[in-house]
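Letter by letter, the chains look like this.
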Amino acid sequence: MQPLLVTKHQVHQMTCSAITRGEEVYDTSDGTLLQPLKGHKDTVYCVAYAKDGKRFASGSADKSVIIWTSKLEGILKYTHNDSIQCVSYNPITHQLASCSSSDFGLWSPEQKSVTKHKSSSKITCCSWTNDGQYLALGMMNGVISIRNKNGEEKVKIERPGASLSPIWSICWNPSSRWENLWMNRDSEDAEEGIDSRYFQELSSTLKEAVYDSQGSEAEEEEPAEEDDDLEEHNDILAVADWGQKLSFYQLSGKQVGKDRPLNFDPCCISYFSKGEYILLGGSDRQVSLFTRDGVRLGKVGEQSSWVWTCREKPDSNYVVTGCQDGTIAFYQLVFSTVHGLYKDRYAYRDSMTDVIVQHLITEQKVRIKCKELVKKIAIYKNRLAIQLPEKILIYELYSDDSSDMRYRLKEKILKKFECNLLVVCASHIILCQEKRLQCLSFSGGKEREWQMESLIRYIKVIGGPAGREGLLVGLKNGQILKIFVDNLFAIVLLKQATAVRCLDMSASRNKLAVVDENDTCLVYDIHTKELLFQEPNANSVAWNMQCEDMLCFSGGGYLNIKASTFPVHQQKLQGFVVGYNGSKIFCLHDFAMSAVEVPQSAPMYQYLDRKMFREAYQIACLGVTDADWRELAMEALEGLELETAKKAFARVQDLRYLELISNIEERRKRGETNSDLFLADVFAYQGKFHEAAKLYKRSGHEDFALAMYTDLCMFEYAKDFLRSGDPKETKMLITKQADWARNINEPKAAVEMYLSAGEHTKAIEISGNLGWVDTLIDIARKLDKAEREPLLLCARYFKELDSPSYAAETYLKLGDLKGLVRLHVEAQHWDDAFTLGEKHPEFKDDIYVPYAQWLAENDRFEEAQKAFHKAGRQGEAVRVLEQLTYNAVVESRFSDAAYYYWMLSMQCLEIAQDPAQKDAMLDKFHHFQHLAELYHGYHAIQRFTEEPFSFYRPETLFNISRFLLHSLTKDTPPGISKVNTLYTLAKQSRALGAYKLARHAYDKLQGLRVPDKFQKSIELGSLTIRSKPFHDSERPGSSFATHSLGPRDLWSTRDCGWLGALPLRWHGLSSYCPQELVPLCYRCSTNNPLLNSLGNTCVNCRQPFVFSASSYEVLHLVEFQLEEGISDEEAVALIDLEAPRHQREDRWQEVTSGGILGWASLGGAGAAATTRDITGDDDPFTAKLSFEQGSSEFVPVVVGRAVLRSMSRRDVLIKRWPPPLRWQYFRSLLPDAAITMCPSCFQMFHSEDYELLVLQRSCCPYCRRRIDNPGP
């Protein structure tokens, strides 16, 4: 226990002189003097304890300061130049501040010397801030100086008229939690000021709305911003001066609020340890209690002389005072609870001047700041009445919403009232004073008054219409009355022998509960005045507002809940019960109201024990656990109280039992009345199977028991209900038993039982899933072929278990050929599938389409395309070819690209047989044929330009590049490079002496973007070609006529042995000369320029050239057409007639080699004669070749039957295109030069070139048709 330190005379030297020297130490528990201390030589003016209580200091008029230990031993003494006026310990560092009339000093245990600072005026008081950073000094001249720990002045507060108001006492608020409140106070008077902000209690996480006594609306309070300077401190300094004022200042020096008049000279001021109250004493000879913001609450005690000091015992409600006459008084403060309750709204006083309204259900709170002492509180519905010392304030809610917590001021009654109890109604307030009740209107006028026979102990509003509410009043003499506010006469409800302590009325107003002064709870029937029951140990009672037969009362640390006439249920509870709503009990304990959730399980079970299901349901609705709801539902269901059971099961969301109840209700509607059967179903649902079976049997439904036991796999019990000789029931039982064996992982037994029960499918499923192939084979072979489903299931499992042979056996047994086809396809047994497809063509699509897809997945695209084609899936075949073609072009495989384009063209031609797609497909056919020819030729150019060595002859590369140059007149196909083509043409033209064409090619290259690898070569060639003649080179003996030769001339030159018109290969020369490179038209015998503006057609007759597909030389072929009316078959027949000619011997022999049709000459002397025989007019076809020179229109050669009859079969080549194309006919004008046409792609070759290429590749170089393939 910390001793109480009081100086015998703390009297200012100006008012009296000290006559006593020394100090006395008292025990605060009983006031015993422990020890007088002697050390000073003059009057001791001040003492101060350190925060930890281990030291205290005393200051005296002898100018000295002594520091004492807690053992009352002096350990240090130092002096000032004047008498010591005050001392104070730093609460953090234990630094001691001692102040004299002229200076102040700072001493700490860590330093030996005392730091002293001069003062401009006499220091009368001092106080440290909570954090120990600043020291406030109050001076005689009315100035307040705030210093830091080093004694440096930081803030100087100069007050108006300060010289006439000496500072006599100052104190910092020890708590900083009121800072926001101080910061947001208005500057108006406390009674009239309006503070409409929210207030955040530090001890609660809930925001509270704050109202002032005028009832303004609440606004959320903005948190104060902190500065880096003095503003960051939340300290408030209370200042009492002899100008009889109380003031408050922030650390920055800013005044908070206005000065509070005191009407006496203050001598001491101190805060409670939590800062919520202020103690103030002085010349009025009493100690007064103020709120933290300076509102006077009342006096603590009155003395016979001035009060010079007052302190609160830390963290307690004890106060000690010291007086002028040496009296030391010790007081205990008791703060009574001022509160009011109505249903779930609780209003109570806080901080003596505020009212907090709390919603006990939602935990919302609202604070109403009255700024005066709150004396009484009453609440009723939407009304709230607050009694202050000089007035009564009446508030109302903004709306009728039960959750609304916004109050506004409705009325003020500006009168002073003295009363014991306060009650508010809709339009009146009721004041209770001893035996008298007064009813006042909200304007303050008295309307009526009631005089009771005895003291009023309890009063409560029990509701009623507005303006006609009823009051329940309990008197000390035991009388209980009901009073209506609009009626002057009181109604006596009953009279008991003991005084009333607490009472409440049930919701229906039929029962009355009373707690008397003997702590007995008595319950009466209001109408009969009969005492229904009584219970001991009660200090308060409350009826449940939602249930007529339930009440609770508290006492002896227990909560007692009583339902109807059942025994009381108890549980521990501290406090007083003041309300009971549903499952919530409102309890007041230690000045705090709380809502306690109390499950109503015990009362519910009391009703259930008596089969009172409806009443039990009403109790459960007040609040019970899920387990209690389920128990209620089960009990009601077993009692066949279906309505209650349905509600209870719906509460726990048990759909299973709700379905059962719905089923029973439907059966009842259909006329079923057998309760045993209903109850049996209930028992079965609850798992009481044997009880259910007995009830099934008793109700004559043994089959239900059998089904139940079977479903539960309780087969031994099920056999007891099995009818003898019923095969259906026996099968059902075996099947169920097999299901059970399957579920417990006994598959072998399950398979045997399924087979014995005829459930083949289930047996097959088990065997298949476990991979029992042997068992499946036995089952499949024993099954009849009519049982398709089980057999198909066996086949499926055989496939999954990689036993295709057994699956095929099963499909054959079923006769399911389509399934057999799918089996071969899935197993990729293509040979078996093809064999089956040959026997049954209707499955062609089912075989070849998957086969093609399999080939494509394995990168065998060409075979896949053929398979798609064979399956009739032309779209898929075309798409595969298009992708192959694209890949070949991208990868620069131009030979493959040509082949694929040719295949694409043939596919399009085949699709063109469909009339709907004919035109589009024919356009694609011609386009793809053209692309195939281009890529076939460009393959050689690409190899020449990209590969270091080339086996192509210069004249072949020349012909190919010239062919491509004339063909690429429009868009260039992807992959084909004009640079490569022109580069090859330029290089070969220069080498062969065609300088003019070479110069043209080099000029063209200058306008193109040339790769780096060709740059130097092209630049060098462009320079060197300039040194060559502007005309092509001519070699001796190579003169060539520049005029056109007619057909007759051609034949005559041929007859004369002049070979100038023939290609070089027929001259036997080793190389070309430029004139020999000039292409000759074999129709009109015109020499065409090497650079032809018309492309690959004759400039004279417009006849398209026919090129060799290997050397790209112009072949000696002329295309002719049939006259109208001549069919292809007739034309071939006419040609095959081959009319005999004069002195002509057939020295040609038809040769077929590897499926390739050609003609070979047998030679001999007759050859020349034969040639001579067909010259002149003897050959009608020669006459058809005549052409008008310079015509711009192409006129084809058209022959009739006579001409056809005159033709020799060996001279005619026919491209036998499939429909819808017409056949093409070509006449060889040099029969001695053998030409071979591939019967598949219809490309023309010199026979010797073709034979060489076929020997090298074993196939056609263009369409890749194998020589061993006799078909087209």
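A few points on the structure. Everything numeric in this text was worked out from a predicted model, so none of it was measured. The residue numbers shown here count from 1 along each chain, following its written sequence. In keeping with the model being predicted, local features are shown solely for residues with a pLDDT of at least 70 and side-chain atom pairs are shown and tallied solely at 80 or more, while totals for entire chains, interfaces and linings include all residues. The side-chain quantities take in all heavy atoms of the structure and omit both hydrogens and water.

## Some details on helix H15 (residues 788–800)
As a reminder of what qualifies: Only DSSP runs of H or I reaching four residues or more are called helices, and only runs of E reaching two or more are called strands; each is numbered from the N terminus. A helix is expected to reach a length of 1.5 Å times the quantity of its residues less one. To sort residues, take the accessible area from a 1.4 Å probe on protein chains only and compare it with the maximum for the residue type: under 20% means buried, over 50% means exposed, and anything in between is partly exposed. Every residue pair with non-hydrogen atoms within 4.5 Å of one another is taken to be in contact.
Between its terminal C-alpha atoms H15 stretches 18 Å, which fits the 18 Å expected from 13 residues at 1.5 Å a residue. Within the span of H15, buried status applies to Pro-790, Leu-791, Leu-793, Cys-794, Ala-795, Tyr-797 and Phe-798. Residues of H15 that are buried make contact with helix H13 (760–770), helix H14 (773–782) and helix H16 (804–814). The first or second residue beyond H15 is Asp-802, which carries a positive phi of 60°.

## Topic: the state of the cysteines
Just so we agree on the cut-off: We call a pair of cysteine sulfur atoms a disulfide whenever their separation is within 2.5 Å.
Tallied over the entire structure, the rule returns 0 disulfides. Left without a disulfide partner, Cys-425 is nearest to the cysteine sulfur of Cys-439, which lies 7.0 Å away. For Cys-425, a relative accessible area of 0% corresponds to the buried category. In this model Cys-521 remains outside any disulfide bridge; the closest cysteine sulfur is found in Cys-502, 8.7 Å from its own. Residue classification places Cys-521 among the buried positions, given a relative accessible area of 0%.

## Section: the sheet that holds strand S49 (residues 540–543)
For clarity, the cut-off: Strands pair, by our definition, only if DSSP identifies at least two bridges between them. Helix axes use the C-alpha atoms of the stretch in contact, all axes being lines fitted to C-alpha atoms, and the angles between their N-to-C directions lie in the range 0 to 180 degrees.
Read across the sheet, 4 strands follow the order S49-S50-S51-S52 without closing on themselves; strand pairing throughout is antiparallel. Looking along the sheet, the strands with just one partner apiece sit at the ends: S49 and strand S52 (569–572). When the angles between neighbouring strand axes are averaged without regard to direction, this sheet yields 20°. Across 4 bridges, the pairing between S49 and strand S50 (residues 550–555) is antiparallel. Paired with Ala-542 across the strands is Cys-552, a residue of S50. Set on the sheet, helix H2 (residues 601–609) makes contact with S50, strand S51 (558–563) and S52; between it and S51 the angle comes to about 30°.

## Considering the environment of Gln-95
Formally: Polar contacts, as counted here, are pairs of nitrogen or oxygen atoms within 3.5 Å of one another; within protein the pair requires one atom able to donate a hydrogen and one able to accept it, and residues that are adjacent in sequence qualify only if both atoms are side-chain atoms.
Counting through the fold element by element, Gln-95 comes out in the loop between strand S8 (84–89) and strand S9 (96–100). Overall, the relative accessible area of 10% leaves Gln-95 in the buried class. With 37 residues separating them along the chain, Gln-95 and Gly-132 place their C-alpha atoms 8.7 Å apart. The contacts of Gln-95, once residues within four sequence positions are left out, are Ser-88, Tyr-89, Asn-90, Leu-106, Trp-107, Ser-108, Trp-128 and Lys-149. Within the structure, the side chain of Gln-95 is placed 3.3 Å from the backbone oxygen of Lys-149, a separation counted as a polar contact.

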